[in-house]
Amino acid sequence: MDSGKRLAMLVLAVAATGCSFKLPAGYVKVDAQRDYKLRGVSAEGSVFALRVENNPDNGELAFWDKALQRQLVELRGYELVQRSDVTSDRGRAGVELLLGYERDGVAYTYLTTFFVKGKQLYVFESAGVKDQVADDLPEIRKTIAGWSGL
């Protein structure tokens, strides 16, 4: 299928479900890279993104919670700062992982929040210099909770 037909199908699917891709205040949309559906950056260089993964076996939220923590903490070396159960404005349960890491003497924050919806895993990610992301966290959390696709 050519890219024009795929884009038309995506637009129709989004319109049919009423989903809108929204960024937190202070972020501007940039071209989505790799497997991202949405990607934005702040003036300070923090990133906000959404990717949607297949959940072919209808994995439960608890499965993804354990799998993603293992991947990020045990295998990739992030420090788990906080884990929280979250709920979208539409009542969908999710998990938020607030992680930290240091590179070249600079402290960074990586936030990932994920929700299972049928055969889809919605993964929101935000990362940047720790102090800058800390200022953005309330708006980021508000945007994730209010995203219409959940």
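All of these numbers come straight from a predicted model, not from anything done at the bench.

Asks: Is there a simple way to explain the layout of surface pockets in this structure?
Replies: Empty space left among the atoms is revealed by rolling a probe the size of a water molecule over them. Size it by volume and the largest pocket reaches roughly 620 Å³. As for the largest pocket, its lining consists of 26 residues, and the residues nearest its centre are Arg34, Tyr36, Tyr110, Glu125 and Ala127. Where the lining of the largest pocket is concerned, the elements lending two or more residues are strand 2 (36-42), strand 3 (47-54), helix 2 (61-75), strand 5 (93-103), strand 6 (106-117) and strand 7 (120-129). The leading source of residues in the lining of the largest pocket is strand 7, at five residues.

Asks: Teacher, can you tell me more about the sheet that holds strand 2 here?
Replies: In a beta sheet, neighbouring strands are held together by backbone hydrogen bonds and run either parallel or antiparallel to one another. The seven strands lie next to each other as 1-2-3-7-6-5-4, forming an open sheet whose pairing is antiparallel. Only two strands of the sheet have a single partner each, and these edge strands are strand 1 (27-29) and strand 4 (79-87). Each strand axis lies, on average, 20° off the axis of its neighbour in the sheet, ignoring direction. Note that strand 4 and strand 5 share eight bridges and pair antiparallel. In the sheet register, aspartate 85 faces strand 5, and the bridge partner there is valine 95. Docked against the sheet, helix 2 engages strand 3, strand 4, strand 5, strand 6 and strand 7, running at close to 0° with respect to strand 5.

About the thresholds
- Residues numbered from 1 in each chain as written.
- Predicted model: local features only at pLDDT ≥ 70, side-chain atom pairs only at ≥ 80, totals over all residues.
- Heavy atoms only, no water.
- 1 Å grid on protein atoms, 1.4 Å probe; cavity = no way out; pocket = protein on both sides within 12 Å on 5 of 7 lines; lining within 4 Å.
- Points joined across faces, edges and corners; volume = space filled by probe spheres on them.
- Helix = DSSP H or I, 4+ residues; strand = E, 2+ residues; numbered from the N terminus.
- Pairing = 2+ DSSP bridges.
- Axes fitted to C-alpha atoms, helices over the stretch in contact; angles between N-to-C directions.
- Contact = heavy atoms within 4.5 Å.

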